[in-house]
Amino acid sequence: MTSPASGIKPGQETNQESGQEPMILALPKGRILEEVMPIIKAAGIIPEADFDNPKSRKLTFGTNNPLLKIIRVRSFDVATFVAFGAAHLGVAGNDVLLEFDYPEIYAPLDLNIGHCRLSVAELTALSINDDPSRWSHVRVATKYPNLTRKHFAKRGVQAECIKLNGAMELAPSLGLCRRIVDLVSTGDTLKANGLAEIEKIIDITSRFIVNRTAFKTRNEEISRILQDIGARNDLK
Amino acid sequence: MPRPEDEPNETALLPEGLHDTLANDAEYQADIVEKLRQCFASYGYERVVPPLLEFEESLLCGPGKAQSRNMFRVMDPVSMRMMAVRNDMTGQVARIARTRLQNSPRPLRLSYSGSVLRVGGSQLRPEREFQQAGIELIGSDSGEAYVEIILLARDVLGTVGIKNASIDLTMPLLVPAICRGLGLDDKISKAVRHALNVKDIGELDNLDGDIGEISRQLLSASGAADKAMAIIGKLSLPAEAQKICDELKEILARLKDVAPELNVTVDPGEYSGFEFQTGIGFSLFVKGVRGELGRGGRYLVEGNGKSKDAVSEPATGFSLYLDSLMRAVPKMTEIKYIYCPYNMNMPDVNKVRLEGYRTICGLEPTKNDTAEARRLNCQYIWQNETVIKI
């Protein structure tokens, strides 16, 4: 066996993290946050007071557990932070998870909140005579280009996706494209914009997600958190 | 996409996923690869060096099949046949064992290291070229072969200064075996396998009956080996699946015996990356380092179709990925450079070199040797017949 002679000083200044490194929980800003917080709090994770202060400019928040910190980022970014291991835990809808399809994210807990569906919609006038089985190509405005492309490819339709970050419902009426793929909860927004839902792609709920490496190397801590969240909230 | 005005490429922009490794990093990486090789050799694994590219059919047989789309192809103008660039060396080593070394005594122990190339990187691992190093133990299907390579994996990581690796064992054949035993079709089997692989509880919610209960239990089982085996032990599984779990149990018992300090976890559902495997698989992780450092397991080296005694051989081995590995190793110690001014005695130069300094010799006289030494990033200088720290 070789000795660690030339080049390496064992144990000194390694870039390996110690076991006492705090864990980061990434939560999505906005609508879902209101639904998530009761679940997080019920599991005994209480963020510092600044977390509820809209004027605070903080991005990282401590909790009653010195080894757990919370960050608040956009819902799509939660998945990215967790996939790269910058955050160890997070909450994200399966729409976001499917859009990125990161192999490094585990979703071991369905939080049973944030219910909605991802659907294809088009102008009501168009939908009357439209026959989807004749399509070979569609142009779609969406926040989910990968998911949309995959969905249509499965039935042999090439989807040309125009990536928008919001207000998808405007696209058809202004002639940007004839169809959109977007989240639908009641369908009221679609109706108000003269659109009809023609196909559901998938049902959405929010999931508690875990970085794969963290799941393998800090399993005990993570299992405890998962158990607390699951048991205290009566989740499967 | 580079625009036409970016041509000619005066800024030396490299294609996506390719990069130059410079000075200390390049040296450290070579140093690490050499240490890996020495450790492999000390366990009796002999180094083989397959070529960077070969005829596409040879790379696509066996373990390479799943990788077909991720290989660069090039037409060989000499033979007028298609060649492919390797994107994994395991298949090449298996080919060597099956052909050139078919008459060598079994079990055969081979090691390798080299660059591999793939058409597309992933967002998490954008590198399209990286080095791979590993070993294969060919011609034994014993449980002891797993123990040997897992211990070798631990030791080889220790050799390069990684002490806290954890080993995650998986049973890629377990879910298909359970589904077969329960008489379920391929579609359900694939869905369950996928859901367990990405730990997607949502996907499992719709499953009723035995498979629903078993798969939810399996998902909750992943974690520390003892906890996992306790949960798996309580399940009533079809015979074929039970056999796989028993094999894992035996390996875990052996590991506990010979390497009690080893950090072992079990993930019964991990599947991606183990598609071609035929037994227990494992991945190596280090806390805080993105992705795995390496992967191993068992697969079949398919017999040479043309020879009359074409028998498939079981092989057990693992690969390390140098890009991940380099993120996990300790920082390199500082290298000591000494400036040897013009006209320094040759015997003295050799003497300081033997003392472990790296000598940067002045090729012409300078007005101020210390300033020259600084300019050349030397921390030491030879002055008044002795080594002086600057």
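For the structure, see preceding data.
Residues numbered from 1 in each chain as written. Chains lettered and ligands numbered in written order. Predicted model: local features only at pLDDT ≥ 70, side-chain atom pairs only at ≥ 80, totals over all residues. Heavy atoms only, no water.

### Side note on helix α10 (residues 239-258) of chain B
All names here are of chain B.
Phase 1: For α10, which comprises 20 residues, the first-to-last C-alpha distance of 29 Å matches the rise-based estimate of 28 Å (1.5 Å per residue) to within 8%.
Phase 2: Buried residues of α10: A241, I244, C245, L248, I251, L252 and L255, and no others. Down the axis, α10 shows its buried residues gathered within 120 degrees of arc, on one side only. Turned more than 90 degrees away from the buried face of α10, the exposed residues are A239, K243, K249, E250 and D257.
Phase 3: Where α10 is buried, its residues contact α4 (143-159), β7 (166-170), α5 (174-181), α9 (225-234) and β9 (263-267). (Helix = DSSP H or I, 4+ residues; strand = E, 2+ residues; numbered from the N terminus. Expected span 1.5 Å × (residues − 1). Buried < 20%, exposed > 50% of the residue type's maximum accessible area, 1.4 Å probe, protein only. Arc of directions from axis to C-beta. Contact = heavy atoms within 4.5 Å.)

### Some thoughts on the packing of aromatic side chains
Phase 1: All chains considered together, the criterion is met by 12 aromatic pairs over all chains.
Phase 2: For the ring pair F100 of chain A and Y102 of chain A, a centre distance of 5.0 Å and an interplane angle of 20 degrees mean the geometry is stacked.
Phase 3: Taking relative accessible area as the criterion, Y102 of chain A reaches 7% and is therefore assigned buried.
Phase 4: In this structure an aromatic cluster arises from ring pairing among F76, F84, F100, Y102 and Y144 of chain A.
Phase 5: Over the aromatic face of Y106 of chain A sits the side chain of K199 of chain B, whose NZ or CZ is 4.2 Å from the ring centroid.
Phase 6: The lysine or arginine in question, K336 of chain B, covers the ring of Y357 of chain B, its NZ or CZ lying 4.6 Å from the ring centre. (Phe/Tyr/Trp six-rings, centres within 6.5 Å; stacked < 30°, edge-to-face > 60°. Lys NZ or Arg CZ within 6 Å of the ring centre and 35° of its normal.)

### Notes on empty space enclosed by the protein
Phase 1: Going through the model one piece at a time under the given rule, you end up with 2 cavities of 30 Å³ or more.
Phase 2: What lines the second largest cavity is simply F215, K216 and N219 of chain A together with D168, S222, G223, T265, V266 and D267 of chain B.
Phase 3: Of all the secondary structure elements, the ones that give two or more residues to the lining of the second largest cavity are α8 (212-217) of chain A together with β9 of chain B.
Phase 4: Of all the elements, β9 of chain B adds the most residues to the lining of the second largest cavity, at 3 residues.
Phase 5: Each residue belonging to the lining of the second largest cavity can be placed in one class, and the counts come to 2 nonpolar, 4 polar and 3 charged. (1 Å grid on protein atoms, 1.4 Å probe; cavity = no way out; pocket = protein on both sides within 12 Å on 5 of 7 lines; lining within 4 Å. Points joined across faces, edges and corners; volume = space filled by probe spheres on them. Nonpolar A, V, L, I, M, F, W, Y, C, P; charged D, E, K, R; others polar.)

### Section: the interface of chain B and chain A
Phase 1: The interface of chain B with chain A comprises 49 residues on the first partner and 36 residues on the second.
Phase 2: Each partner contributes to the roughly 3,600 Å² buried at the junction of chain B and chain A, and carbon and sulfur atoms together form 53% of this total.
Phase 3: Together, L124, K287 and T333 of chain B form the three largest contributors to the area buried by chain B at its contact with chain A, with a combined 19%.
Phase 4: Along the contact surface separating chain B from chain A lie 6 salt bridges.
Phase 5: With a shortest N-O distance of 2.7 Å, D168 of chain B and K216 of chain A are connected by a salt bridge. (Buried area = accessible area lost by both parts, 1.4 Å probe. Salt bridge = Lys/Arg side-chain N within 4 Å of Asp/Glu carboxyl O.)

### Let's talk about the sheet that holds strand β13 (residues 337-340) of chain B
Residue and element names in this part refer to chain B.
Phase 1: A sheet is described by the order of its strands in space; here 4 strands give the open sequence β14-β13-β15-β16, paired in mixed fashion. Of all the strands in the sheet, the pair left with one neighbour each is β14 (358-361) and β16 (386-389). On average, each strand axis in the sheet is inclined to that of its neighbour by 35 degrees, with strand direction left out of account.
Phase 2: Together, β13, β14, β15 (380-383) and β16 form the strand contacts of helix α12 (residues 346-354), whose direction differs from that of β14 by roughly 150 degrees. (Pairing = 2+ DSSP bridges. Axes fitted to C-alpha atoms, helices over the stretch in contact; angles between N-to-C directions.)

### Quick look at the sheet that holds strand β3 (residues 73-76) of chain B
Through backbone hydrogen bonds, the strands of a sheet pair up, either in parallel or in antiparallel fashion.
All names here are of chain B.
Phase 1: Taking strand neighbours across the sheet as the criterion, the 3 strands line up as β2-β4-β3 in an open arrangement whose pairing is antiparallel. A strand with exactly one partner marks an edge of an open sheet, and here the two such strands are β2 (53-55) and β3. This sheet shows a mean twist of 35 degrees between the axes of neighbouring strands, independent of strand direction.
Phase 2: As paired strands, β3 and strand β4 (residues 81-85) are joined by 4 bridges and run antiparallel to one another. Within the sheet, the bridge partner assigned to V74 lies in β4 and is M83.

### Observations concerning the pattern of salt bridges
Phase 1: Taken as a whole, this structure holds 36 salt bridges over all chains when the rule is applied.
Phase 2: Residue D200 of chain B pairs with R207 of chain A through a salt bridge whose shortest N-O separation is 2.8 Å. One end of the pair, D200 of chain B, is in the loop between α6 (186-197) and α7 (201-204); the other, R207 of chain A, is in strand β11 (residues 206-211), on a second chain.
Phase 3: The exposure class assigned to D200 of chain B is buried, which follows from its relative accessible area of 14%.
Phase 4: Close ionic contact of R180 of chain B with E240 of chain B constitutes a salt bridge, the shortest N to O distance being 2.8 Å. Of this pair, R180 of chain B sits in helix α5 while E240 of chain B sits in helix α10; the two residues are 60 residues apart in sequence, bridging distant segments of the chain.
Phase 5: Residue class for R180 of chain B comes out exposed when judged on its relative accessible area of 53%.

### Remarks on the side chain of Q379 of chain B
Residue and element names in this part refer to chain B.
Phase 1: As for its position among the elements, Q379 is in the loop between α13 (369-375) and β15.
Phase 2: Owing to a relative accessible area of 15%, Q379 belongs among the buried residues under this scheme.
Phase 3: A distance of 2.8 Å separates the side chain of Q379 from the backbone nitrogen of Y337, its partner in a polar contact.
Phase 4: In contact with Q379, other than residues within four places in its own chain, are E334, I335, K336, Y337, I388, K389 and I390. (Polar contact = N/O pair within 3.5 Å; in protein donor to acceptor, adjacent residues only side chain to side chain.)

### Some details on the pairing of strand β8 (residues 158-163) of chain A
Phase 1: For strand β7 (residues 137-142) of chain A and β8 of chain A, the ladder comprises 6 bridges, and the chain directions are parallel. Bridge pairing in β8 of chain A links T142 of chain A to K163 of chain A.

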